[in-house]
Amino acid sequence: MNGSKHRVWAEIDMDHLAHNLRQLQHIVPSGTEIMAVVKADAYGHGVSGIAKRLEDEGVGFFAVADVDEAVALRRRSIRGEILVLGYTATNRLRDIVKYSLTQTAVGAEDAERLQAYGAPMKIHVKIDTGLGRLGESFEHLDRILSMYRHSRLQVTGTFSHLASADQGEAEGKAFTIAQIRRFQDILGQIRNAGYDPGRLHIQSSYGILNYEVKGMDFVRPGIALYGLLSSDGDETRSVVDLRPVLSLKATVVLVKKVHEGETIGYGGSFMASRSSIVATLSVGYADGIARKLSERGGCVLIRGQRARIVGKICMDQMLVDVTDIADVRQGDIATLIGEDGGQMVTAGEWAWRTETITNEIVASIGSRVERVYISKGHPAF
Ligand SMILES: *Cc1c(COP(=O)(O)O)cnc(C)c1O
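Residues numbered from 1 in each chain as written. Predicted model: local features only at pLDDT ≥ 70, side-chain atom pairs only at ≥ 80, totals over all residues. Heavy atoms only, no water.

Per an unreviewed UniProt entry, the protein chain goes by the name Alanine racemase and belongs to Cohnella terricola. Comment text from UniProt for the protein chain, heading Function (unreviewed entry), reads "Catalyzes the interconversion of L-alanine and D-alanine. May also act on other amino acids." Under Sequence similarities (unreviewed entry), UniProt gives the following word-for-word description of the protein chain: "Belongs to the alanine racemase family." (UniProt positions renumbered as here; feature names shortened; annotations may be inferred.)

1. Here's the deal with the overall build of the protein chain
When you go through the protein chain residue by residue, the secondary structure sums to 11 helices and 21 strands. Relative to the globule expectation of 21 Å for 381 residues, the C-alpha radius of gyration of the protein chain, 23 Å, shows essentially globular dimensions. The dimensions of the protein chain, computed from C-alpha atoms along their principal axes, are 80 × 45 × 40 Å. Looking at the 381 residues of the protein chain, the share that counts as buried comes to 54%. Looking at the protein chain alone, contacts between residues at least 24 apart form 65% of all its contacts between residues at least 6 apart. Of the roughly 16,800 Å² that the protein chain leaves accessible, carbon and sulfur atoms contribute 47%. Separation of charge centres in the protein chain, based on 45 positive and 46 negative side chains, amounts to 4 Å. (Helix = DSSP H or I, 4+ residues; strand = E, 2+ residues; numbered from the N terminus. Rg over C-alpha atoms; globule rule 2.2 N^0.38 Å. Buried < 20%, exposed > 50% of the residue type's maximum accessible area, 1.4 Å probe, protein only. Contact = heavy atoms within 4.5 Å. Areas by Shrake-Rupley, 256 points an atom, 1.4 Å probe, with all protein chains shown as cover. Lys, Arg positive; Asp, Glu negative; His and termini not counted. Charge placed at Lys NZ, Arg CZ, Asp CG, Glu CD.)

2. A word on unusual backbone geometry
With a phi close to 50 degrees, Tyr 43 is a non-glycine residue in the positive phi region. Structurally, Tyr 43 can be placed in helix α2 (residues 39-43). Positioned with a positive phi, Lys 376 is a non-glycine residue whose angle comes to about 50 degrees. Tracing the sequence through the fold places Lys 376 in the loop between β20 (370-375) and β21 (378-379). Relative accessible area serves as the criterion here: at 69%, Lys 376 is assigned to the exposed category.

3. Describing the site of the ligand
Residues in contact with the ligand amount to 13 residues; listed here are only the nearest, Lys 39, Tyr 43, Ser 205, Arg 220 and Gly 222. In the model, an oxygen atom of the ligand is placed 2.7 Å from a nitrogen or oxygen of the Lys 39 side chain. With respect to the ligand, the backbone of Ile 223 contributes an N or O atom lying 2.9 Å from an oxygen atom. Split by residue class, the shell around the ligand holds 5 nonpolar, 5 polar and 3 charged. (Near = heavy atom within 4 Å. Polar contact = N/O pair within 3.5 Å; in protein donor to acceptor, adjacent residues only side chain to side chain. Nonpolar A, V, L, I, M, F, W, Y, C, P; charged D, E, K, R; others polar.)

4. Section: the pairing of strand β14 (residues 276-281)
Along β14, 5 of the 6 residues are buried, which leaves the element largely enclosed by surrounding structure. Where β14 meets strand β17 (residues 318-321), 4 bridges bridge the pair, whose relative direction is antiparallel. Residue pairing in the sheet places Thr 280 in a bridge with Leu 319 of β17. (Pairing = 2+ DSSP bridges.)

Below you can see the structure in the form of C-alpha cells.
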C-alpha cells in the first residue's frame, strides 16, 4: 500500500488506537478517566497523530516526560490538560506557565523551588510509595503536607506509580497492594490535615489490567493504549482485546544470489551453508532494529513468509535470506513488525528475542522512520 515512497515507515492504525482506548475505558470504574501517556513520541508511534486522535475520541488529559514534549503537544493544538511527569529545570518553568501545563512536584524541596519561581502554577504532587524513583516518600507526612501550603502552587492532583503491577507472583502482588494502601493512607492524612489532594491517580497499564483501585480520577495507560503488553506471555486479571497499533515496514532494494560458502555482511559473520538468495532491506539499526536480532533468530515477513535476518544489521540496511520464498523482487515490502498474508511478527517476539520489553522496542523506533497514519485501511490525514 502506501509504502514504497519511504525507505522505512511505520503504519499507525488509528482505529486500533481508538479500539484499545475503549477497551481500557470499559474496565476502569465509572468516574475514572483515561490520562493518555504519550511520552517518547507516543512510544514511537508519532505523538502528533496519536494525541490528535485521542483528543477526538474524548481524551482530555495527556502525560508526557518533559516540558519539550508538552510544548510540542500545545504547538500541535492539543488543548487538553498536560501533565509533565518529570522534573523541569528552573529556566524552563516559564514554558510550564506560558503553555498552561501541569508540573509534577517530585519532592518537598522541589515544591519549594516551584513556589520560589514566583508565578502561579498548577502542580500534581508525586508520592513515592515504593518505586523509589520520583516523589516525596510516603513516610514523610510533614514534608508531604508542606507541598499543599505554597501560596502560588495550585495542587490539582496527587499521584503515585506502581513498581510491580505486572508481576503475577505473590510477592509482586503483596508489594502492589502495599503501595496502593500507602497511597490511600496518605490521602486520608492529607484530607485530615484539611488539604484537598485534588485528582488522584496511581495505575499505569498493568495497574489497570491487574488491580481495581476505587476512588481514582484517572488511570495512566501507556503501552496498553498502543495495543501491547510489555511481554507476550503476561497474564492479566482483566482480559482485554488489545490490537497492536504499529506495523514497521521497509522495502526490498536488491535481491542477489550467494554461493555456498560465501560470506556476507560486516565481518563476514554469515556464511551461506547452501547456494542462497539474499535480499537487502532499506532499514537498519539507526531505525531502531536491535543488532542483536540477527544472531537471535529474528525474521521479517516478505510475501507472507518468514525470512531470517542474516549477517550483521547495518546502520541503514540489513540482509535477509529469501531462498525459500518464491519470486522476491526489488520493491517488495518487508514487514518487520506486523502482519502479512496471515503471518505475524510482533513487537513481543522482538522483545523476547532481544531480552527486553515491547515498550523499549517501539520507543526505540528511529526519528527518521516515517509515521504513516492509517484509518480503515487508508491514509488517515
Ligand atoms: C511511563 C509511565 C506511565 C505509563 O506506563 P505504561 O506501563 O506504559 O502504561 C504511567 N505513569 C508514569 C509515571 C510513567 O512514567
